[in-house]
Amino acid sequence: MSMIRRILVTGGAGFLGSHLCERLVKAGHDVICLDNFFTSQKTNVQHLLHLPNFELIRHDITQPCWLEVDQIYNLACPAAPGHYQHNPIKTMKTSVMGAFHVLGMAKRCGARVLQASTSEVYGDPEVHPQPETYRGAVNTLGPRACYDEGKRAAETIFVDYHRMHGADVRMVRIFNTYGPRMHPYDGRVVSNFIRQALTGEDITIFGDGSQTRSFCYRDDLVEAIIRMMEHEEPGFIGPVNIGNPGEFTIKQLAELTIELTGSKSRLVYKDLPADDPKQRRPDITLAKQKLGWEPTIPLEQGLKTTIDWFRGIDLSHYRAPTPNY
Ligand code: NAD
Ligand code: UDP
């Protein structure tokens, strides 16, 4: 039988965090979910609240917190462009001060801490697909920099705590992940297209739709980050790319969404946001080698499940879109 652990999940009420909490609670661990609900709501974890091995703390990770745990998954950070650009200064603080706070806690408790980094550290990549060794092309001054540079700085803080204090750290670089419980108004492409298709609104393609992304279903993603947390190999801390190498243009995603929903929505073209990466696909050789992991759920299958979930929710229960300026 595997060991029961005390596990902190920051950002645990979010799209990925709530699934992670669910998996860890089911495995019998004592789970503390910490969240300030900036981009999520309590309903994401409501079904766990009555369980004796689940605890919810409303807290902002830019402020210190004092807990005793064995493992920390650091997911607290707005992830959708519209969300992280809402208050870019706060986004940077969340990544950087959040990293200091979880690492300080990890150092004090001897806990292992995993950082949810991102494919955005590669910026608008000139190398395709992206291996972990690629150093990226981020515009430090652009509207995405608060997130990209915040996550890059967090990786630096993690590796320095490891080198300087021997902190037990892990880093994963997550590529676009989707699935049930995405915020329907987060502005990300999968949630936007499904919501638009189901309500008969126009489907908004930014640019000409030829830019690509690789979409990973959330269950595959959660499996990979748990494997990385549990991976025992002295000195191996990552970062490891986690994503689905299947690559699609945004136009293909729009057409597939229309096909699977049977929608009559029209495709309309809007301006491409500044610094929008033209292509993105993970090289997952390292994840295969080290974690024995690769995704199992193809886009069409994952999209169907996600569409079914979107059909079942009441949109009026979700807060209106966060303005993106
Ligand atoms: P999400 O917005 O649903 O979840 C983030 C959670 O963090 C939310 O519950 C939010 O309320 C919370 N949060 C934000 N700022 C906080 C703060 N200052 N203090 C405490 N809590 C705070 O997004 P997600 O898709 O679940 O992303 C989770 C993590 O994974 C993020 O760190 C994100 O950067 C990373 N990631 C996600 C993707 C993806 O495609 N989903 C890709 C790359 C990286
Ligand atoms: N996008 C789009 N229409 C939308 C939302 C997004 O065409 O309604 C595009 C966006 O310009 C980007 C891609 O879809 O090229 C993925 O956007 P998302 O915000 O999901 O994530 P990103 O990978 O850019 O962080």
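All of these numbers come straight from a predicted model, not from anything done at the bench.

> Any chance you could explain the overall build of the chain here in plain terms?
Along the backbone of the chain there are 9 helices and 13 strands. For the chain, the C-alpha atoms occupy an extent of roughly 55 × 45 × 40 Å along the three principal directions. A separation threshold of at least 6 residues defines the contact pool for the chain, and within that pool the share at least 24 residues apart is 81%. Taken as a whole, the chain presents about 14,100 Å² of accessible surface, with 53% of it coming from carbon and sulfur. Charge-centre separation for the chain: the mean point of 36 positive side chains lies 2 Å from the mean point of 37 negative side chains.

> So what exactly am I meant to see when it comes to the site of ligand 2 here?
Around ligand 2, a shell composed of 18 residues is seen, among which Val-189, Thr-204, Arg-213, Asp-276 and Arg-280 lie nearest. Between an oxygen atom of ligand 2 and a side-chain N or O atom of Arg-144, the distance comes to 2.9 Å. One nitrogen or oxygen atom from the main chain of Val-189 is found 2.8 Å from an oxygen atom belonging to ligand 2. Burial of ligand 2 by the protein amounts to 95% of the accessible area it has alone, namely 520 Å². At the level of elements, helix 5 (189–199) and strand 8 (203–206) are the ones that each hand at least two residues to the shell around ligand 2.

> Please clarify how the pattern of salt bridges should be interpreted in this entry.
Note on pairing: side chains with opposite charge can pair once their charged atoms come close. For the coordinates displayed, the defined rule picks out 25 salt bridges. When the shortest N-O distance is used, the salt bridge between Arg-181 and Glu-22 registers 2.9 Å. With Arg-181 in the loop between strand 7 (177–178) and helix 5 and Glu-22 in helix 1 (residues 15–26), the pair connects residues that are 159 residues apart, well separated along the chain. Note on Arg-181: relative accessible area 15%, which makes it buried.

> Explanation requested: the site of ligand 1 in the structure shown.
Surrounding ligand 1, one finds 30 residues, the nearest of these being Asp-35, Thr-39, Ser-40, Tyr-147 and Thr-177. Contacts to ligand 1 include Phe-38, whose backbone N or O atom sits 2.9 Å from an oxygen atom. In isolation ligand 1 offers 820 Å² of accessible surface; the protein chains occlude 97% of this area. Going through the elements one at a time, helix 1, strand 5 (112–118) and helix 4 (145–165) are the ones with two or more residues in the shell around ligand 1. A per-element tally of the shell around ligand 1 places strand 5 first, with 3 residues. Residue composition of the shell around ligand 1, grouped by class: 15 nonpolar, 11 polar and 4 charged.

> Where do I start with the sheet that holds strand 2 (residues 30–35) in this structure?
In a beta sheet, neighbouring strands are held together by backbone hydrogen bonds and run either parallel or antiparallel to one another. Read across the sheet, 7 strands follow the order 3-2-1-4-5-6-11 without closing on themselves; strand pairing throughout is parallel. Single-partner strands in this sheet number two, and they are strand 3 (54–58) and strand 11 (240–242). For this sheet, the mean angle separating the axes of adjacent strands, direction not counted, is 20°. On the sheet, helix 3 (residues 88–109) packs against strand 1 (6–10), strand 4 (71–74), strand 5 and strand 6 (168–174) and is oriented at approximately 170° with respect to strand 4.

> Please clarify how the packing of helix 7 (residues 250–261) against helix 9 (residues 299–312) should be interpreted in this entry.
Helix-helix packing is characterised by the crossing angle of the two axes and by the distance between the axes. Here helix 7 crosses helix 9 at 60°, and the two axes come no closer than 10 Å. When the axis of helix 7 is compared with that of helix 9, the two are oblique. Taken as a pair, helix 7 and helix 9 cross one another with a handedness that is right-handed. Of the residues in helix 9, those touching helix 7 at Leu-253, Leu-256, Thr-257, Leu-260 and Thr-261 are Leu-299, Glu-300, Leu-303, Lys-304, Ile-307 and Arg-311. Here the residues of the contact of helix 7 with helix 9 are counted per class, giving 6 nonpolar, 2 polar and 3 charged.

> Can you help me understand the nonpolar core in this one?
Proteins that are soluble and globular tend to have nonpolar side chains buried together. Counting 60 residues, the largest nonpolar core has Leu-20, Tyr-73, Ile-242 and Leu-303 as its most contacted members. The dominant element in this core, judged by the number of residues it contributes, is helix 6 (residues 218–230), at 7 residues. Filtering out sequence-adjacent residues up to four positions away, Ile-242 remains in contact with Val-172, Arg-173, Ile-174, Phe-175, Leu-221, Ala-224, Ala-287, Leu-291 and Trp-293. Judged by nonpolar contacts, the second largest core, of 25 residues, contains Leu-8, Ala-106, Val-113 and Ile-157.

> Would you mind going over the pairing of strand 1 with me for this structure?
Strand residues, when the strand is regular, have side chains that alternate between the two faces of the sheet. Taking burial as the measure, the 5 residues of strand 1 include 4 buried ones, the bulk of the element. The handedness of the strand 1 to strand 2 crossover, carried by helix 1, is right-handed. Pairing geometry for strand 1 and strand 4, over 4 bridges, is parallel. The residue bridging Thr-10 from the neighbouring strand is Asn-74, located in strand 4.

Reading guide: rules and limits
Residues numbered from 1 in each chain as written. Chains lettered and ligands numbered in written order. Predicted model: local features only at pLDDT ≥ 70, side-chain atom pairs only at ≥ 80, totals over all residues. Heavy atoms only, no water. Helix = DSSP H or I, 4+ residues; strand = E, 2+ residues; numbered from the N terminus. Contact = heavy atoms within 4.5 Å. Areas by Shrake-Rupley, 256 points an atom, 1.4 Å probe, with all protein chains shown as cover. Lys, Arg positive; Asp, Glu negative; His and termini not counted. Charge placed at Lys NZ, Arg CZ, Asp CG, Glu CD. Near = heavy atom within 4 Å. Polar contact = N/O pair within 3.5 Å; in protein donor to acceptor, adjacent residues only side chain to side chain. Salt bridge = Lys/Arg side-chain N within 4 Å of Asp/Glu carboxyl O. Buried < 20%, exposed > 50% of the residue type's maximum accessible area, 1.4 Å probe, protein only. Nonpolar A, V, L, I, M, F, W, Y, C, P; charged D, E, K, R; others polar. Pairing = 2+ DSSP bridges. Axes fitted to C-alpha atoms, helices over the stretch in contact; angles between N-to-C directions. Parallel < 35°, antiparallel > 145°, perpendicular 65-115°, else oblique. Left-handed = near helix turned anticlockwise from the far one by under 90°. Core = buried A, V, L, I, M, F, W, Y, C linked by side-chain atoms within 4.5 Å. Right-handed = clockwise from strand over helix to strand, strands pointing away.

Nothing here speaks to function; it is all geometry.
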